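# Fold and contact review
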Amino acid sequence: MTMTDQTHFHDALLDASQPVPDGLTDPEGRPAGKRFDVYRNNVAVSLTQALETGFPVIRKLVGDEFFKAMAGVYLRTHPPTSPVLQQYGEDMPSFLRGFKPAHSLPYLPDMARLEVALRRAYHAEDAPAFDPQSMAALKPEALNSVRFEFAPAAQVIRSHHPIHGIWLRNTTGGPVPSPAPENVLVTRPEFDPIVTRLDAAQAVFVIGLMENQTLTQAALRAQNVPGAFDLSHTLGLLFGAAALSSLKI
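Residues numbered from 1 in each chain as written. Predicted model: local features only at pLDDT ≥ 70, side-chain atom pairs only at ≥ 80, totals over all residues. Heavy atoms only, no water.

### Some remarks on the nonpolar core
Across soluble globular proteins, nonpolar side chains have a tendency to be buried as a group. The biggest cluster of nonpolar side chains holds 35 residues, and the ones touching the most others in it are I58, L96 and L114. Looking at this core, the elements with two or more residues in it are α2 (33-54), α3 (56-62), α4 (64-77), α5 (92-97), α6 (108-123), α7 (163-171) and β3 (182-187). Residues contacting L114, with those up to four places away along its chain left out, are I157, I163, W167, V184, V186 and V195. One finds F130, L185, V225 and F229 within the second-largest nonpolar core, a separate group that totals 30 residues. (Core = buried A, V, L, I, M, F, W, Y, C linked by side-chain atoms within 4.5 Å. Buried < 20%, exposed > 50% of the residue type's maximum accessible area, 1.4 Å probe, protein only. Helix = DSSP H or I, 4+ residues; strand = E, 2+ residues; numbered from the N terminus. Contact = heavy atoms within 4.5 Å.)

Next comes the structure, spelled out in structure tokens:
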């Protein structure tokens, strides 16, 4: 099969409007159009189911019918790049930003970012949780230069939309969210990922630490954000969520 033939086969496999590729035959040498249609349908169903599994909140927000139609567009423009179906849908956030039928729900791309982060956290490598007692042995002046290593599962998502409230509302039946920006920390303390809300200063602090800033540098950066910043409380939040794995001096 030539490269052109492979391209035609690939395009036809993901798009039911495309004709059956030429030259496909069954073991008896007869045209295999019907078999290809069945195979094409099975592929589309499998990829759609992978998206439904990976984006349950998006699916709930838009409804089954809309989601299936959207998935059909997505799989034609974003074919799998890995044989692992659990990873399918990594491009959903950027796809939703350009998907005009979904523009009436402007928070969908960030919700997709959150659901992708949850999946990444679930499959992230294990890491030992940081023991905060190890900081007690440090001299006060050493704390200024402390840097932290984050667990592989840890991720921060900042949004102009109430993504934490929307996520809670559609997973645990939480209250109707207020229309305000929200940030979240995704971690995996044990077997399943968790989502923790961060205020603006906390998000700046955690991102600073993730960018290899020292504890003092990140705290000063957070204190420049309007509103009160409580360093001890925020560190306790990170410890409790198993976001940190070790420290560097």
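Right, picking up where we left off after that structure.
### Side note on the sheet that holds β3
Strands belonging to one sheet form pairs held by backbone hydrogen bonds; the direction of such a pair is parallel or antiparallel. With respect to topology, three strands assemble into an open sheet ordered β2-β3-β4, the strand pairing being antiparallel. This sheet does not close on itself; its edge strands, each paired only once, are β2 (155-159) and β4 (194-198). In this sheet, adjacent strand axes meet at a mean angle of 25° when their direction is disregarded. The pairing of β3 with β4 spans five bridges and is classified as antiparallel. The residue of β4 that forms the bridge with V186 is V195. Contacting β2, β3 and β4, α7 crosses the sheet at an angle of about 60° to β3. (Pairing = 2+ DSSP bridges. Axes fitted to C-alpha atoms, helices over the stretch in contact; angles between N-to-C directions.)

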